[in-house]
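# Notes for the structure review
These are the residues of each chain, in order.
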Amino acid sequence: DIQMTQLPSSLSASVGDRVTITCRASQGITNSLAWYQQKPGKAPKLLLYGASRLLSGVPSRFSGSGSGTHYTLTISSLHPEDFATYYCQHYYSAPPAFGQGTKVEIK
Amino acid sequence: QVQLVESGGGVVQPGGSLRVACAASGFTFSNYGMHWVRQAPGKGLEWVAFIRYDESNDYYADSVKGRFTISRDNSKNILYLQMSGLRAEDTAVYYCAKDRGAELLLPGSFDYWGQGTLVTVSS
């Protein structure tokens, strides 16, 4: 099974900051990676799939990149509504798996 | 619009059984694989199970294999998760989620989620 390691587990940032979250797979996943945002008490929301493909309606300040085993989610300029927990998920093979999550908090 | 509405959660004793359901609407249910994903209180997301769009195969996390069964009724647009041999560590909010790709044979990403149903395993 492929394991996902997501870093950092939490970070503090201010509105307007650029934020980068990293996800590393235990083996190559050929861009079969998705990113989700979850707010307290709510279901997760898909932001990107295919490592870099933005879901329709997701703001363009969110972007994804990477290849092989190393992937990143970047928020170019944090908005107040972006404070949440973010998860990566691979779907290269069964079973799919999530990273441990990154909580983005207000500094 | 796509809607996924879970039901059936509750409190169950260790070793007990419970079936949760997910009513789907707003898309052609029979064209999409479906998943169950759970989240223990204060913890991260854990994928639980996937069933292909045509019920031809299903997949499970090792943590639930042999105890949980995913199924679907494409005539009623309902997804199920039958849970047996429940343990305290199965306590979680259970979400049903739609796979983003149509007619995929393997699990993909999840583009729509329900609101979740809480399952508590406790004596």
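Presented here is an overview of the structure given in this document. (Residues numbered from 1 in each chain as written. Chains lettered and ligands numbered in written order. Predicted model: local features only at pLDDT ≥ 70, side-chain atom pairs only at ≥ 80, totals over all residues. Heavy atoms only, no water.)

A word on the state of the cysteines. Taken as a whole and judged by the stated rule, the model has 2 disulfides over all chains. The residue that forms a disulfide with C23 of chain A is C88 of chain A, at a sulfur-sulfur distance of 1.8 Å. Between C23 of chain A and C88 of chain A the sulfur-sulfur dihedral comes to about 45°; the bridge is accordingly right-handed. Here C88 of chain A lies in strand 9 (residues 85-90) and C23 of chain A lies in strand 3 (residues 19-25), a separation of 65 residues in the sequence. With its sulfur 2.0 Å from that of its partner, C22 of chain B forms a disulfide with C96 of chain B. Handedness of the C22 of chain B-C96 of chain B disulfide follows from its S-S torsion of about 45°: it is right-handed. Note that C22 of chain B is positioned in strand 3 (residues 18-25) and C96 of chain B in strand 9 (residues 92-102), a separation of 74 residues in sequence. The same class applies to C22 of chain B as to C96 of chain B, namely buried. (Disulfide = S-S within 2.5 Å. Helix = DSSP H or I, 4+ residues; strand = E, 2+ residues; numbered from the N terminus. Buried < 20%, exposed > 50% of the residue type's maximum accessible area, 1.4 Å probe, protein only.)

Moving on to the interface of chain B and chain A. Each partner contributes to the interface: chain B provides 18 residues, whereas chain A provides 17 residues. Summing both sides of the interface, chain B and chain A together bury roughly 1500 Å²; the carbon and sulfur share of this comes to 68%. If you look at where chain B meets chain A, you find 0 salt bridges. In this assembly, chain B and chain A are joined by 5 residue pairs in polar contact (both at pLDDT 80 or more). (Contact = heavy atoms within 4.5 Å. Buried area = accessible area lost by both parts, 1.4 Å probe. Salt bridge = Lys/Arg side-chain N within 4 Å of Asp/Glu carboxyl O. Polar contact = N/O pair within 3.5 Å; in protein donor to acceptor, adjacent residues only side chain to side chain.)

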